[in-house]
2 protein chains.
Amino acid sequence: MPVGTQGTVKAVDQEYLRSDIKAQIILSNTYHLYLRPGTEILEKAGGLHKFINWEKPILTDSGGFQIFSLAELRKLKHDGVEFRSHLDGSKHFFTPEKVIGIERSIGSDIMMVLDECTPYPCEYAYARKSKELTSRWAVLNKESFDNSVPLYGHKQFLFGIIQGSVYKDLRESSAKDLVSLDFDGYAIGGLAVGEPAEMMYDLINFTTDFMPENKPRYLMGVGRPENILEAIERGVDMFDCVMPTRNARNAYLFTSEGILSMRNAKHKDDFSVIDPNCSCYTCKNFSRAYLRHLYIAKEILALELGSIHNLHFYLDLVKEARKQIIGGTFKDWKDSILSKITNYQKIN
Amino acid sequence: MPVGTQGTVKAVDQEYLRSDIKAQIILSNTYHLYLRPGTEILEKAGGLHKFINWEKPILTDSGGFQIFSLAELRKLKHDGVEFRSHLDGSKHFFTPEKVIGIERSIGSDIMMVLDECTPYPCEYAYARKSKELTSRWAVLNKESFDNSVPLYGHKQFLFGIIQGSVYKDLRESSAKDLVSLDFDGYAIGGLAVGEPAEMMYDLINFTTDFMPENKPRYLMGVGRPENILEAIERGVDMFDCVMPTRNARNAYLFTSEGILSMRNAKHKDDFSVIDPNCSCYTCKNFSRAYLRHLYIAKEILALELGSIHNLHFYLDLVKEARKQIIGGTFKDWKDSILSKITNYQKIN
């Protein structure tokens, strides 16, 4: 899922998302949209789909992660979390009920529950207490969801978020708590927050065993191309990450042969395309030399073209993964990709 | 002409320029392109058209204006101008011959001569001396043009630039000097540099009398919609201005009823389009409320959508002017537009 935190995938217009990148779903953020433009405007617009003119599915993260990473002076209470806006310092209080209400105003197709995302490292005692809070809130999220209705005539779904930090017993009990509530899908939260990749893979592998096979499994905030392939192998279906768009804004472009640092002087007279295996608008029309010029000259077009390319690359990767799974050849294909992926570590 | 100083119209990709804005020509800048990416890369690319993937005409300003407004430590000499790059302080020397050479490397369809653009106000003695320099350089520009050939197999044209500050006798003599050299077209330079609009209109009116009727007349760096209509009435054919794109980046959008300041709170729940009389991508797809949200949230998409709209507005205006001229109704139409144009002074 391309990330459109504030109701726009940064630097990419909806037409390219639709016709070039062919995104089937985008992610937006409850915390950000609640602060700006606010639910009153979203409701008047007839929901986020109409507001941003995007007819395909939207998933909204609940804002739990943002409250713990962006907001100021937060106070965690039994029934919710008090925080001050990172924009203007104004005071707010989020409860599971409140978040469900905001997500009804947004009208996202997939709503995420309010949870607490633990940092890494995190002591066992805190992780256990936090997991219990997330499980308790999950009940309240589900009740609010069941007791409210969509505002715009289309069905909305609610996903639970499994927490438990790096502790397998907590992950298991979190998963069981949530699965007993019968959500429409399940996310693994609290990973990719600084722990080693091998530890993350091990925890994904462990946790997915407790997740239903017939419901979507979503790994939140992950990640690098190799992280995504490893997680797919361990049974994950859905991902979101700012990496393709953020890296593009920092002049790092993904290719089938590794990452290109577009400010590098070696590209200045390279008139080949970013990736000959890519069919995105950028690769169909422009050279590495032109992209480098745009990045060096700090032109906005660099951010647009780079973001289009990186998103196209990511969606190509997961589309191909799906094809290989269906064809029964995922494992071999993944290994061949991973052998090239060492190149992602060295930047050209 | 949309302005694409560094080989990109800021925040607008070539596909929108082509299919939505329907630009027939864009402007780029010799000074900027010489410094970055440089002529070596442009030549390797096969010229600017190929480098930026833009097959329609390109006009390049010579860089005279930029040397006098941007570059540092410039020293005007008899045969050219020495300056330091505004980017890295490196020393360069531009002569008419050198500029023609750079414009051959760029491969622009319309090349502008190297001139000196006088500031406003400008004392008569300086203006006269400067006009003489520009006329002397015009001869050298023309000689270099006649003694060189296009590098990429397409014809290039050379326009002269009439100077003379606000002094009619100097404007007349500058025009006569240039016309005697038989350029492919003629520009009026050195206006819209701070003088009152009425003085500018009077000087345009005066100067066009000395310009051939059968060759394009180009008023450089102008301007506001009303300036353009007034200049068209006085016989000008071509314009360039950063106003549509720069204003869009500053959240000012042009409409047939006046300028909108998109950060204004009044737009926050206005779900109408920017301009109901506009058929641009932005107006076909998005509301004022969404645009305001994007500007307030400092999203790059605001700059893209705003720039597309403002350029579309400007090109609609001049297309309509052309239609009204052909229909013999320009004067009445212009008056009706001007009566609304007082709105351009007050911002909504």
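Please read all numbers here as calculations on a predicted model, not as lab measurements.

### Here's the deal with the overall build of chain A
The helix and strand tally for chain A stands at 15 helices and 12 strands. For chain A, the spread of C-alpha atoms along the three principal axes comes to 60 × 45 × 35 Å. Taking contacts inside chain A between residues at least 6 apart in sequence as the whole, the part at least 24 apart equals 68%.

### So, the confidence of the model for chain A
Residue-level pLDDT values for chain A average 96, and 98% of them are 70 or greater. Across the predicted assembly, pTM comes out at 0.97 and ipTM at 0.97.

### With respect to the domain arrangement of chain A
All names here are of chain A. Each assigned domain of chain A is listed here: domain 1 (14–241) and domain 2 (246–344). The gap between the C-alpha centroids of domain 1 and domain 2 is 28 Å. Taken together, the contact pairs 12 residues of domain 1 with 16 residues of domain 2. Looking at the side of domain 1 that touches domain 2, the element that brings in the most residues is helix α10 (residues 225–233), giving six residues.

### Examining the packing of helix α8 (residues 168–179) of chain A against helix α9 (residues 197–208) of chain A
How two helices sit against one another is set out by the angle between their axes and by the gap between those axes. All names here are of chain A. Here α8 crosses α9 at 35°, and the two axes come no closer than 9 Å. The handedness of the crossing between α8 and α9 is right-handed. On α9, the residues that touch Lys 168, Arg 171 and Ala 175 of α8 are Leu 203, Phe 206 and Thr 207. Taken together, the residues that form the contact of α8 with α9 break down as three nonpolar, one polar and two charged.

### Some details on the sheet that holds strand β1 (residues 26–29) of chain A
Backbone hydrogen bonds hold the strands of a sheet together, and the pairing may be parallel or antiparallel. All names here are of chain A. Reading across the sheet, the seven strands line up as β1-β2-β6-β7-β8-β9-β10 and stay open at both edges, with parallel pairing between neighbours. Of all strands in the sheet, those bounded by a partner on one side alone are β1 and β10 (238–239). Two strands pair when backbone bridges link them, and strand β8 (residues 185–188) and strand β9 (residues 217–219) are joined in this way by three bridges, in the parallel orientation. Across the sheet, Ile 188 pairs through a bridge with Leu 219, a residue of β9.

### Focus: the interface of chain A and chain B
Counting residues at the interface gives 30 residues for chain A, matched by 30 residues for chain B. Going through the elements one at a time, α3 (39–45), α4 (48–52), α13 (288–296) and α14 (300–326) of chain A are the ones with two or more residues in the side of chain A that touches chain B. No other element matches α13(A), which puts five residues into the side of chain A that touches chain B.

### Description of the relation of the copies chain A and chain B
Once turned by 180° and shifted 0.0 Å along the axis, chain A lies on chain B with an RMSD of 0.0 Å. Taken together, the rotation angle and the small translation identify this as a two-fold axis. If distances are taken from each C-alpha of chain A to the rotation axis, the shortest is found for Ile300(A), at 3.9 Å. Both copies share a contact surface, since 100% of the interface residues of chain A are interface residues in chain B too.

### Some thoughts on the pairing of strand β7 (residues 157–162) of chain B
Residue and element names in this part refer to chain B. Burial within β7 is extensive, with five of its six residues counted as buried. Pairing analysis gives three bridges linking strand β6 (residues 110–112) to β7, with the strands arranged parallel. Note that in β7 the partner of Ile 110 across the bridge is Phe 157. The sheet contact formed by β7 and strand β8 (residues 185–188) spans four bridges and is parallel. Bridging across to β8, Ile 162 finds its partner in Ile 188. As for the winding sense of the linkage, the β-α-β connection from β7 through helix α8 (residues 168–179) to β8 is right-handed.

### Some words on the sheet that holds strand β10 (residues 238–239) of chain B
The sheet built from seven strands is open, its strands ordered β1-β2-β6-β7-β8-β9-β10 (chain B) with parallel pairing. This sheet does not close on itself; its edge strands, each paired only once, are β1 (26–29) and β10 of chain B.

### Quick word on the environment of Asp115(B)
Residue and element names in this part refer to chain B. Topologically, Asp 115 is positioned in the loop between β6 and α7 (124–146). Judged by local crowding, Asp 115 falls into the buried class, with 32 C-beta atoms found within 10 Å. Excluding residues within four positions of it along the chain, Asp 115 makes contact with Ser 62, Gly 64, Thr 134, Trp 137, Ile 161, Gln 163 and Gly 189.

### What to know about the packing of helix α7 (residues 124–146) of chain A against α8(A)
All names here are of chain A. Contact geometry of α7 with α8 gives a least axis separation of 10 Å together with a crossing angle of 5°. Accordingly, the angle class assigned to the pair α7 and α8 is roughly parallel. Together, Ala 127, Arg 128, Lys 131, Thr 134, Ser 135 and Ala 138 of α7 and Leu 170, Ser 173, Ser 174, Asp 177 and Leu 178 of α8 make up the contact between the two elements.

### Considerations on α13(A)
Most of α13(A) sits inside the fold, with eight of its nine residues counted as buried. Listing the buried residues of α13(A) in full gives Arg288(A), Ala289(A), Tyr290(A), Leu291(A), Arg292(A), His293(A), Leu294(A) and Tyr295(A). Residues of α13(A) that are buried sit in contact with α14 of chain A together with α3 (39–45) and α4 (48–52) of chain B. A positive phi of about 55° marks Lys298(A), the residue just after α13(A).

### Regarding unusual backbone geometry
Between Tyr120(A) and Pro121(A) the backbone carries a cis peptide bond, its omega angle lying at -5°. Backbone torsion omega between Val222(B) and Gly223(B) reads 0°, so that peptide bond is classified as cis. Tracing the backbone through its elements, the reader meets Gly223(B) in the loop between β9 (217–219) and α10 (225–233). You will see that Asn53(A), though not glycine, has its phi angle at about 55°, which is positive. Unlike most non-glycine residues, Asp182(B) shows phi in positive territory, near 60°. Along the chain, Asp182(B) falls in the loop between α8 and β8.

### Concerning helix α6 (residues 96–106) of chain B
All names here are of chain B. Where burial is concerned, most of α6 is hidden: eight out of the 11 residues are buried. Residues Pro 96, Val 99, Ile 100, Ile 102, Glu 103, Arg 104, Ser 105 and Ile 106 constitute the buried set of α6. Just downstream of α6, Gly 107 is the residue with a positive phi angle, here 80°.

Procedures and definitions
- Residues numbered from 1 in each chain as written.
- Chains lettered and ligands numbered in written order.
- Predicted model: local features only at pLDDT ≥ 70, side-chain atom pairs only at ≥ 80, totals over all residues.
- Helix = DSSP H or I, 4+ residues; strand = E, 2+ residues; numbered from the N terminus.
- Contact = placed C-beta atoms within 7 Å.
- pLDDT = per-residue confidence, 0-100.
- Domains from an automatic or database assignment.
- Axes fitted to C-alpha atoms, helices over the stretch in contact; angles between N-to-C directions.
- Left-handed = near helix turned anticlockwise from the far one by under 90°.
- Nonpolar A, V, L, I, M, F, W, Y, C, P; charged D, E, K, R; others polar.
- Pairing = 2+ DSSP bridges.
- Least-squares fit on C-alpha atoms with pLDDT ≥ 70 in both.
- Buried ≥ 20, exposed ≤ 12 C-beta atoms within 10 Å, placed from the backbone.
- Right-handed = clockwise from strand over helix to strand, strands pointing away.
- Parallel < 35°, antiparallel > 145°, perpendicular 65-115°, else oblique.

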